[in-house]
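Chain by chain, the residues run as shown.
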Amino acid sequence: MRMKKFIALLLLCVIALSGCGSNSSVKLKDLDFTVVSEDRLSEELRTVIEERKASPFKVTYNDKEYLYICIGYGEQKTGGYSITVGELYLTEDAIHVSTDLLGPGPEDKTGNAPSYPYIVIKTQFMDKQVVFD
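Rules used throughout
Numbering of residues starts from 1 in every chain and runs along the sequence as written. Local features in a predicted model are, by the rule used here, given only for residues with pLDDT of at least 70; side-chain atom pairs are given and counted only at 80 or more, and totals for whole chains, interfaces and linings are based on all residues. Excluding hydrogens and water, the side-chain figures rest on all heavy atoms present in the structure. To qualify as a helix, a DSSP run of H or I must reach at least 4 residues; to qualify as a strand, a run of E must reach at least 2; elements of each kind are numbered from the N terminus. In the analysis that follows, any N or O atom pair within 3.5 Å is treated as a polar contact, provided that within protein one partner can donate a hydrogen and the other can accept it, and provided that, for residues neighboring in sequence, both atoms belong to side chains. Any pair of residues with heavy atoms lying within 4.5 Å of one another is described as a contacting pair. When a carboxyl oxygen of Asp or Glu lies within 4 Å of a side-chain nitrogen of Lys or Arg, that pair is called a salt bridge. Per-residue accessibility, obtained with a 1.4 Å probe over protein chains only, is compared with the maximum for each type, and a residue is labelled buried under 20%, exposed over 50%, and partly exposed between these values. Pairs of strands are assigned from DSSP output, requiring at least two bridges between the strands.

*Asks:* Before we move on, can you summarise the side chain of His96 with the specific residues and values?
*Replies:* Along the chain, His96 turns up in strand β6 (residues 94-102). Looking at His96, its side chain comes within polar contact range of the side chain of Asp133, at 3.0 Å. Once you skip the residues sitting within four places of it in the chain, His96 turns out to touch Glu87, Leu88, Tyr89, Thr91, Val131 and Asp133.

Take a look at the structure:
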């Protein structure tokens, strides 16, 4: 009987202690950002995107003043795609970003040429890991 009580107490302690850690995924604040057009990208970043655009990619780049978060969706069969930023926020340990690829509507004239939709998000530089949600 003592052994059952000991195991039950041990199990209770494990359950209680598992909730005591810090929750590093709690949103501290939304981050301000700007979507950067291709003509405003550095030559180095433009080259990286050009090399990777045929496949989906996630790249970060910084110049110690700003952080650039680049997300590409790879080759699409037509044009007319757009990308929205769902969230960009800070947690204790990281910067979280989520985006969505929106396809062309039925009334959009897309042509038959493939496209390579990507977005470059510019925010204040922080020495944090970027998590792509």
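*Asks:* So what's going on with the pattern of salt bridges? Which residues, and what values?
*Replies:* In this structure the tally under the stated criterion is 4 salt bridges. With its nearest N and O atoms 3.2 Å apart, the salt bridge here joins Lys27 to Asp30. Classification of Lys27 as partly exposed rests on a relative accessible area of 37%. A salt bridge links Lys27 to Glu87, with the shortest nitrogen-to-oxygen separation between them at 3.0 Å. Within this pair, whereas Lys27 is found in the loop between α1 (2-18) and β1 (29-30), its partner Glu87 is found in strand β5 (residues 82-90), the two being separated by 60 residues in sequence.

*Asks:* Describe the pairing of strand β7 (residues 118-124), and please don't skip the residues or the numbers.
*Replies:* Bridging between strand β2 (residues 34-35) and β7 involves 2 bridges; their strand directions are antiparallel. Bridge pairing links Val35 to Ile121 in β7.

*Asks:* Provide a residue-level description of the environment of Val97, including the pertinent values.
*Replies:* Along the chain, the position of Val97 falls in strand β6. For Val97, a relative accessible area of 1% gives the class buried. Note: C-alpha distance between Val97 and Glu87 (10 residues apart in sequence) is 5.5 Å. With near-sequence residues (within four places) excluded, Val97 lies in contact with Ile69, Ile71, Glu87, Leu88, Ile121, Val130, Val131, Phe132 and Asp133.

In short, shape yes, function no, at least from these values alone.
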